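# Commentary on secondary and tertiary structure
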Amino acid sequence: MTGLHGLDGKVAIVTGAAGGIGAATVRRLSEEGVQVVLADTDEESIRALSASLPTPSTWIRADVRDESDVTGCVDLAVRRFGRVDLHHLNAGIAGSLAVLPDLTVEEFDQVMAVNVRGVFLGLRAAFRQFAAQGGGGAVVITASIGSLRGSADLLPYQTSKHAVLGLLHGAAVYGGPLGVRVNAVAPGIVPTELFAATPDAPGGRDDMVTRAATTPLRRAGTGDEIASVVAFLLSDDAGYITGETVSADGGAAAVSTVRPSGGAGAWDFGRYDAALYGRSDRG
């Protein structure tokens, strides 16, 4: 065990447990003595991960968009472990990199369904179970640097991650008097399979390391580093923290891009505009 207070013996549900951040969180929580329910649509991966953990665990194939699946996660946890103390609402998809005029309604709705509806259903299920148990609990949502900043591409994802902060703030205000803490972690560039569908596109998977070099730490993050923040926020060591979004982005959100230290003048905006808008002028 690694020593965060109040985790040993607790029961947690982690959604998106097969992905880079989700799997890292599962491992970290298990190392802290937490009994974990792994939820994901990738049944093969979560089954193998569950079998490798040092603490008792179980898994369920679940789609966070589906009310019955989300309820099933809680029901499984209660049947197997008797209660639920912690939730990491991590499941999410990146969606299309298309610019605004080219986006389809279907692309937009797909991302919102997983990233926003999924978090809403997870929060609701968590609060219902905490109430049934007659006690408090802790929830961590995976937000994003996209919750705090904007860009001309990845619009459905950014919109969904902004919306997640609305759910976070409302749930934290409601949960405080009940002893339920709700926080979020906002990762920056962490190379995982989230962008696997866009390997060659600028801003997709393959240029992550190059883009991460523009942060003050000059590197990408790891799933384990994000998992450490999640574990802390779920632990009693964060007992007076709720409604907060903790950036874990190598300092990216702190950078002023109009100063030399932030790369001002170091990028070719004409080339960027040509690729994005099909022209090199700004008129």
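Quick summary incoming for the structure in this document. (Residues numbered from 1 in each chain as written. Predicted model: local features only at pLDDT ≥ 70, side-chain atom pairs only at ≥ 80, totals over all residues. Heavy atoms only, no water.)

### A word on a nonpolar patch on the surface
Taken together, the side chains of Trp267, Phe269, Tyr272 and Tyr277 present a nonpolar region at the surface, about 470 Å² in accessible area. With respect to the helices, strands and loops of the structure, Phe269 is situated in helix H8 (residues 269-277). (Patch = residues over 30% accessible without salt bridge, like charges linked within 9 Å, V, L, I, M, F, W, Y side chains within 5 Å. Areas by Shrake-Rupley, 256 points an atom, 1.4 Å probe, with all protein chains shown as cover. Salt bridge = Lys/Arg side-chain N within 4 Å of Asp/Glu carboxyl O. Helix = DSSP H or I, 4+ residues; strand = E, 2+ residues; numbered from the N terminus.)

### A look at the sheet that holds strand S2 (residues 35-40)
With respect to topology, 7 strands assemble into an open sheet ordered S3-S2-S1-S4-S5-S6-S7, the strand pairing being parallel. Every other strand in the sheet has two partners, leaving strand S3 (57-61) and strand S7 (245-248) as the edge strands with one partner each. Between one strand axis and the next, the sheet turns through 15° on average, direction left out of account. Sheet analysis places strand S1 (residues 11-15) next to strand S4 (residues 86-89), joined by 3 bridges and oriented parallel. Pairing of Ile13 across the sheet is with His87, part of S4. Sheet contacts for helix H1 (residues 20-31): S1, S2, S4 and strand S6 (180-187); angle to S1, the most-contacted strand, approximately 170°. Lying over the sheet, helix H2 (residues 43-51) contacts S2 and S3, oriented at roughly 175° with respect to S3. (Pairing = 2+ DSSP bridges. Axes fitted to C-alpha atoms, helices over the stretch in contact; angles between N-to-C directions. Contact = heavy atoms within 4.5 Å.)

### Observations concerning the pairing of S3
For S2 and S3, the ladder comprises 5 bridges, and the chain directions are parallel. Counted as the bridge partner of Ala39 is Ile60 from S3. Between the parallel elements S2 and S3, the chain passes through H2 in a crossover that is right-handed. (Right-handed = clockwise from strand over helix to strand, strands pointing away.)

### A short note on the packing of aromatic side chains
Here the structure, examined in full by the defined rule, presents 2 aromatic pairs. Seen from their ring centres, Phe127 and Phe130 are 6.4 Å apart, and the 70° between their planes marks the pair as edge-to-face. Highlighted residues: Phe127 and Phe130, both in helix H4 (residues 105-133), separated by 3 residues, approximately one helical turn. The two residues Phe127 and Phe130 agree in class, both being buried. A ring pair is formed by Phe127 and Tyr174, whose centres lie 5.5 Å apart and whose planes are at 55°; its orientation type is tilted. Here Phe127 is found in helix H4, whereas its partner Tyr174 is found in helix H5 (residues 155-175), with 47 residues between them in sequence. By relative accessible area, which is 55% here, Tyr174 ends up exposed. An aromatic cluster of at least three residues, connected via ring pairs, comprises Phe127, Phe130 and Tyr174. (Phe/Tyr/Trp six-rings, centres within 6.5 Å; stacked < 30°, edge-to-face > 60°. Buried < 20%, exposed > 50% of the residue type's maximum accessible area, 1.4 Å probe, protein only.)

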